[in-house]
Amino acid sequence: MSITRLDTGPRMSQAVVHGNIVTTAGQVAEGDTVTDQTKAILDQIDDLLSRAGTDKTKLISGMIWLSNMDDFAEMNAVWDGWVSEGNTPARACVEARLALPKFQVEIQVTAAID
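Residues numbered from 1 in each chain as written. Predicted model: local features only at pLDDT ≥ 70, side-chain atom pairs only at ≥ 80, totals over all residues. Heavy atoms only, no water.

(A) Expanded view of the sheet that holds strand β5 (residues 90-95). An order of β1-β2-β3-β6-β4-β5 is seen for the six strands of this open sheet, with the pairing classed as mixed. Whereas interior strands pair on both sides, the edge strands pair on one side only; in this sheet they are β1 (3-8) and β5. The sheet shows a mean angle of 10° between the axes of neighbouring strands, direction not considered. Alignment of β1 against strand β2 (residues 13-18), held across five bridges, turns out to be antiparallel. Following the sheet pairing, Ile3 is matched in β2 by His18. Contacts between helix α1 (residues 34-52) and the sheet are confined to β1, β2, β3 (21-24), β4 (59-66) and β6 (105-112), with β6 contributing the most and set at about 25° to the helix. Relative to β5, helix α2 (residues 72-82) is tilted by about 155°, and along the sheet it contacts β4, β5 and β6. (Pairing = 2+ DSSP bridges. Helix = DSSP H or I, 4+ residues; strand = E, 2+ residues; numbered from the N terminus. Axes fitted to C-alpha atoms, helices over the stretch in contact; angles between N-to-C directions. Contact = heavy atoms within 4.5 Å.)

(B) Main features of unusual backbone geometry. The residue Asp7 is not glycine, and still its phi comes out positive at about 50°. Exposure remark for Asp7: the relative accessible area of 42% places this residue in the partly exposed category. (Buried < 20%, exposed > 50% of the residue type's maximum accessible area, 1.4 Å probe, protein only.)

(C) Quick look at the packing of aromatic side chains. In total, this model carries one aromatic pair according to the counting rule given. Consider the rings of Trp79 and Trp82, whose centres lie 5.3 Å apart with planes at 50°: the pair is tilted. With a gap of three residues between them, Trp79 and Trp82 both fall in helix α2, about one helical turn apart. An identical accessibility class is assigned to Trp79 and Trp82; each is buried. (Phe/Tyr/Trp six-rings, centres within 6.5 Å; stacked < 30°, edge-to-face > 60°.)

(D) Inspection of the environment of Val17 at higher detail. The residue Val17 is located in strand β2 in this model. A relative accessible area of 11% places Val17 in the buried class. Once the C-alpha coordinates of Val17 and Arg51 are considered, the two residues, 34 residues apart in sequence, prove to be 10 Å apart. Here Val17 is in contact with Ser2, Ile3, Thr4, Val22, Ala52 and Ile113, once residues within four sequence places are set aside.

(E) Representation of the pattern of salt bridges in the model. Inspection of the entire model under this criterion finds four salt bridges. Between Glu30 and Lys102 there is a salt bridge, and its shortest N-O distance comes to 2.8 Å. Highlighted residues: Glu30 in the loop between β3 and α1 and Lys102 in the loop between β5 and β6, separated in sequence by 72 residues. Using a relative accessible area of 56% as the deciding quantity, one classes Glu30 as exposed. With relative accessibility at 42%, the residue Lys102 sits in the partly exposed group. The residue Asp47 makes a salt bridge to Arg51 at a minimum N-O spacing of 3.4 Å. Linking Asp47 with Arg51, this pair stays in helix α1, spanning four residues, or about one helical turn. The class for Asp47 is partly exposed, based on a relative accessible area of 39%. Arg51 gets classed as partly exposed once you look at its relative accessible area, which sits at 40%. One salt-bridge network, held together by shared partners, links Asp7, Asp47 and Arg51. (Salt bridge = Lys/Arg side-chain N within 4 Å of Asp/Glu carboxyl O.)

Spelled out as structure tokens, the structure:
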């Protein structure tokens with residue numbers, strides 16, 4: 001079974017497709033607020049899923065890292081408006097120090113491909 005990698009760099013690929021599954025790398029984005037960053041990240045995820053031949057209606061799992069759990073409600077307000085009703089993935093959300101202080105949110109997803 002082949003493996004397809006999207007936006008491959010020397011350290012990682014932004015998404016990897018194997019069989020009928022695509023997994024994204026953790027996505028981050030710049031923005032002044034958690035809302036801005038979450039919206040931009042979800043746009044990036046939409047693009048990666050589309051390029052892999054799927055979309056958010058096929059999400060299997062999601063992992064979210066927040067630099068501060070005080071931002072949980074703000075991030076969820078964007079997430080809840082983005083996910084497909086009735087097709088929400090298994091999900092975890094934890095607080096963690098992210099790669100750079102300017103990042104407040106990081107999101108990784110896995111989805112099925114029909």
